[in-house]
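# Analysis of the macromolecular model
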Amino acid sequence: MGLGLSAIRLDSTLNLVIVVVLALLAIIAVPFFWERWRRKVLGRSTTILAAVVLIVVSTAMGGNMIGGFFPTVGALLGTGVYSGESVDAVASQNGSDLDKLRDAGAMRAKEGKGSVVHMTVTGKRTGLTRDVSVYFPPQYYDPAYRALKFPVIEWIPNYPSGPEVVTGPYELPARLDAAIAKHVLPPTLVIIPDPTGKPKVGHDTECIDQVNGTANDTYLSADIRDWAIERLGANPQRKAWTMAGWSSGGYCAMNLVTRHPQWYGQAASVSGYYKASVDAETENLFKGRQDIVDANTITVNMRKHPSPVDILAIAGDKESFESFSIDQLQTAVRAPATLSSWRIPDAGHNMNTFKAQVPDVLAWIGARTVPPSAPQDKKIVSNGGVTPWPLPNTGAKGALVDVVE
């Protein structure tokens, strides 16, 4: 069932054209058969229903292609199979058998291509198990780099998408290959976790530790980071860690980095915003706790808890709230934090806006992260001397209460 649904593309121009043509034919059929079927209520009802359904489906498919949310029907319904799409290999849980995939990765590396491997990762603190895709740069399979620790970009997908949207429609692996080949970005591990879990639609978590609910923040920050350091050989230094994303993923990136500056050095956001989006798709995240709202408002964190993090915020000039968010961030930023920002002319909140900015985003990250390096002396702590600030208790299972390195 899952395999069949994953074969039905929602991001195909051809499929969209077919549905639009069927919708037009259905619309034409309504008046054509109206008089002929004046005594056939079922026939009239069927033609009207078919026209309405096809109009809705074609409109939804068009919006999906613009936003790049779901590449297949399997992704939309969350069958679990979709997460392995647009990848080069699938590993066992927590990547326990990654060493067996080295030969295949080395073959791709000879062509200058990185490898994308999908797996599920269970967090030690939260116990959450979610889909995770990892981009391994070509150098990861080079014996000369075997003893080195790689920097990391944790790329947060936009709601309601999962890892498959980043490796598929966003074409991030090819962009990474090009940036690394041009020495714009050092060889970097890119971890793409599912920020939502299943089901997706109607369960927007905004990457937050929900009050008396799911510890999404803790999973995406502490759990993923600990796992990557232990299993992937990621560099534990905070300047080696960047979070990035588009739309809700951009908000998540900026929020998590300003909340956990002892672990992350940079955040890059395209079309993100300065506070959690609360709408019909959002779960009841805060349950009336204003302290948790404030703790997840980036501008509040920047004013009250300034830390040495670098933030990039990009928005299209036709994105009113995202552009307004840049104004708010510019007002709130305090040293030692830095804020880089720009607005894209004639750009709105869509996938093309994001894709056009990826090369510049990777260049910005490349200028600030660290290259693969030898392991540091054990006496050197990975938080770079940054003291974390106490976080309010949300009551979420496994959530961080007071972050200590």
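Numbers given for residues are sequential positions, taken from 1 along each chain in its written order. The predicted origin of the model limits local features to residues at a pLDDT of at least 70 and limits the giving and counting of side-chain atom pairs to 80 or more, whereas totals for whole chains, interfaces and linings rest on all residues. Where side-chain values are given, they derive from all heavy atoms of the structure, hydrogens and water being excluded.

## Remarks on the overall build of the protein chain
Numbered from the N terminus, helices here are DSSP runs of H or I no shorter than four residues, and strands are runs of E no shorter than two. What the protein chain contains, in helices and strands, is 13 helices and nine strands. Put simply, the protein chain has 405 residues, and 55% of those count as buried. Contacts are assigned to residue pairs with any non-hydrogen atoms lying within 4.5 Å of each other. For the protein chain, restricting intrachain contacts to residue pairs at least 6 apart in sequence, the fraction spanning at least 24 positions comes to 77%. Surface summary for the protein chain: the accessible area is close to 17,200 Å², and the carbon and sulfur share equals 60%. Buried residues are those whose accessible area, probed at 1.4 Å on protein chains only, stays under 20% of the maximum for their type, while exposed residues exceed 50% and partly exposed ones sit between those limits. The protein chains shown are the only cover counted for residues, whose accessible areas, like all others here, come from Shrake-Rupley with a 1.4 Å probe.

## Here we look at the pattern of salt bridges
Only one rule defines a salt bridge in this text: a Lys or Arg side-chain nitrogen within 4 Å of an Asp or Glu carboxyl oxygen. Per the stated rule, a full pass over the model turns up 10 salt bridges. As a salt-bridge pair, K355 and E171 come within 3.7 Å of each other at their nearest N and O atoms. Linking K355 in helix α13 (residues 351-366) with E171 in the loop between α6 (163-167) and α7 (172-181), this pair joins segments that are 184 residues apart in sequence. For K355, a relative accessible area of 17% gives the class buried.

## A look at the nonpolar core
We call a set of buried residues a nonpolar core when its members are Ala, Val, Leu, Ile, Met, Phe, Trp, Tyr or Cys and they connect through side-chain atoms within 4.5 Å of each other. V134, F136, L189, I191, W227 and L232 are the most contacted members of the largest nonpolar core, which totals 60 residues. The greatest single-element share of this core, amounting to seven residues, is contributed by helix α8 (residues 216-232). Setting aside chain neighbours within four positions, we find I191 in contact with V132, S133, V134, V152, I153, E154, W155, I224, W227, A228, L232 and W241. Of all hydrophobic cores here, the second largest spans 30 residues; its members include W155, Y170, M351 and W364.

## Some thoughts on α13
Here α13 is 16 residues long and its end C-alpha atoms lie 23 Å apart, about the 22 Å a rise of 1.5 Å per residue gives. Along α13, the residues that are buried comprise M351, T353, F354, K355, Q357, V358, V361, L362, W364, I365 and G366. Multiplying 1.5 Å by the helix residue count minus one yields the expected span of that helix.

## Looking at the packing of aromatic side chains
Aromatic pairing here means that ring centres of Phe, Tyr or Trp (its six-membered ring) are within 6.5 Å. Orientation follows from the plane angle: under 30 degrees is stacked, over 60 is edge-to-face, and everything else is tilted. A complete count under the given rule lists 14 aromatic pairs for this structure. Ring plane angle 80° and centroid distance 5.5 Å describe the contact between Y140 and Y141, whose orientation is recorded as edge-to-face. A residue is classified by how much of its surface remains accessible, and Y141, at 11% relative accessible area, is buried. Comment: the charge-over-ring label is applied if NZ (Lys) or CZ (Arg) is within 6 Å of the ring centre and within 35 degrees of the ring normal. Note that R130 overlies the ring of Y219, its terminal NZ or CZ placed 5.6 Å from the centroid. The ring centre of W241 lies 5.6 Å from the NZ or CZ of R225, which sits over that ring.

## Structural notes on the confidence of the model for the protein chain
In low-pLDDT segments, the atomic positions of the prediction should not be examined closely. Predicted confidence across the protein chain gives a mean pLDDT of 85, with 80% of residues reaching 70 or more. Predictor confidence is given residue by residue as pLDDT, running from a minimum of 0 to a maximum of 100. Here helix α1 (residues 2-6) stands out as the least confident element of the protein chain, with mean pLDDT 46; strand β4 (residues 152-156) is the most confident, with 98. Every residue in residues 1-6 scores below 50 in pLDDT, and together they form 14 contacts with partners more than four places removed in sequence or on other chains.

## Digging into the side chain of S133
On the secondary structure map, S133 appears in strand β3 (residues 129-136). On the basis of relative accessible area, S133 is assigned to the buried category, the value being 0%. Here H118 takes part through its side chain, which lies 3.3 Å from a polar atom of the side chain of S133. Two N or O atoms count as a polar contact when they lie within 3.5 Å, although within protein this holds only if one can serve as hydrogen donor and the other as acceptor, and sequence-adjacent residues are included solely when both atoms are side-chain atoms.

## Observations concerning α8
Because the α-helix completes a turn every 3.6 residues, residues three or four places apart line up on one side. By the largest-angle criterion, I224 marks the main kink of α8, which is about 30°. The element α8 is extensively covered by neighbouring structure, given that 13 of its 17 residues are classed as buried. At any given residue, the bend is defined as the angle formed between two axes, one fitted to the seven residues that end at that position and one fitted to the seven that begin there.

## Description of the packing of α7 against α13
Between two packed helices, both the angle of their axes relative to each other and the distance between the axes serve to describe the pair. Only C-alpha atoms enter the line fits that serve as axes; for helices the fit covers just the stretch in contact. Angles between N-to-C directions range over 0 to 180 degrees. At their nearest, the axes of α7 and α13 sit 10 Å apart, and the two run at 35° to each other. Crossing hand, α7 versus α13: right-handed. Together, L172, R175, L176 and A179 of α7 and K355, V358, P359 and L362 of α13 make up the contact between the two elements. Here is the rule for handedness: rotate from the far helix to the near one, and if that takes an anticlockwise turn smaller than a right angle the crossing is left-handed, while a clockwise turn gives right-handed.

## Concerning unusual backbone geometry
A cis amide bond, omega 0°, links Y159 with the succeeding residue P160. Residue position: P160 is located in the loop between β4 and α6. Cis rather than trans, the peptide bond between A335 and P336 has omega equal to 15°. Following the sequence through the fold, P336 ends up in the loop between α12 (320-332) and β9 (338-344). At D346, a position not held by glycine, the phi torsion is positive, near 55°. Among the structural elements, D346 can be located in the loop between β9 and α13. Here D346 falls in the exposed class, since its relative accessible area comes to 65%.

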